[in-house]
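Listed here are the chains, written in short residue letters.
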Amino acid sequence: MAYLLGLRKTSVAFAFQAPTVAICQGCHSRPDDTHPLHRVSEPRFADALKSVAANTCLGCHQEHRGKRVSSRGEFCSACHDDLSLKNDPLDVSHRTLVAQQRWSTCLGCHDYHGNHARQVQKKLAEAYDVEAIRSYLADGPDPYARAKRHLAREKP
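Summarised in this report is the structure supplied together with it.

1. As for unusual backbone geometry
So, point 1. In this structure, H64 is a non-glycine residue whose phi angle is positive, near 50°.
So, point 2. Here H64 shows up in the loop between α3 (37–40) and α4 (77–80).
So, point 3. Positive phi values are uncommon outside glycine, yet Q101 reaches one of about 50°.
So, point 4. The topology assignment puts Q101 in the loop between α5 (94–99) and α6 (106–109).

2. Brief notes about helix α2 (residues 21–28)
So, point 1. Looking at α2, one finds that the buried residues are I23, C24, G26 and C27. Projected onto a plane normal to the axis of α2, the buried residues spread over an arc of 150° and lie on a single side.

3. Considerations on helix α7 (residues 130–137)
So, point 1. Among the residues of α7, those classed as buried are I133, Y136 and L137. For α7, the arc enclosing every buried residue in end-on projection is 95°, short of the 170-degree limit, so these residues lie on one face.
So, point 2. Buried-residue contacts for α7 involve α6.
So, point 3. Sitting at the amino-terminal end of α7 is D129, which places a side-chain oxygen 3.0 Å from the backbone nitrogen of E131.
So, point 4. Of the residues flanking the end of α7, it is D139, one or two places downstream, whose phi is positive at about 80°.

How each quantity is defined
Residues numbered from 1 in each chain as written. Predicted model: local features only at pLDDT ≥ 70, side-chain atom pairs only at ≥ 80, totals over all residues. Heavy atoms only, no water. Helix = DSSP H or I, 4+ residues; strand = E, 2+ residues; numbered from the N terminus. Buried < 20%, exposed > 50% of the residue type's maximum accessible area, 1.4 Å probe, protein only. Arc of directions from axis to C-beta. Contact = heavy atoms within 4.5 Å. Polar contact = N/O pair within 3.5 Å; in protein donor to acceptor, adjacent residues only side chain to side chain.

Treat this as a map of the structure, not an account of what it does.
Following this line, the structure appears as structure tokens:
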């Protein structure tokens, strides 16, 4: 709208083109993303991609529609259903959480793309509340941290 009103010199790509990974990453690319799209495209994740379309931004996100994540929040099971850590830092082992299928707890400690500047919890009781996470994914307040490691660029 700002472009159409003459308040911005260039148009915003997402308003005038179908969203693609390249367009999304033009503003949202992060060099240290913990779940980058190219990694999810590895052959070992082929079965996971049948249940979670994580090989494209639109598999989990909508295009600037007031909702951070459009898929269910418990998608961690698609890739991590056999997770076992040798030196588990959590007071309740990840192996136990996986065995109990407590996938809703993952985002209480882990920031999927790793963009929040914060320390990960070491005690499950200190994890962010599941409802706070669900609210955040639906574009509610950010429970992780206000400080971001990378801000979206205004111009691709």
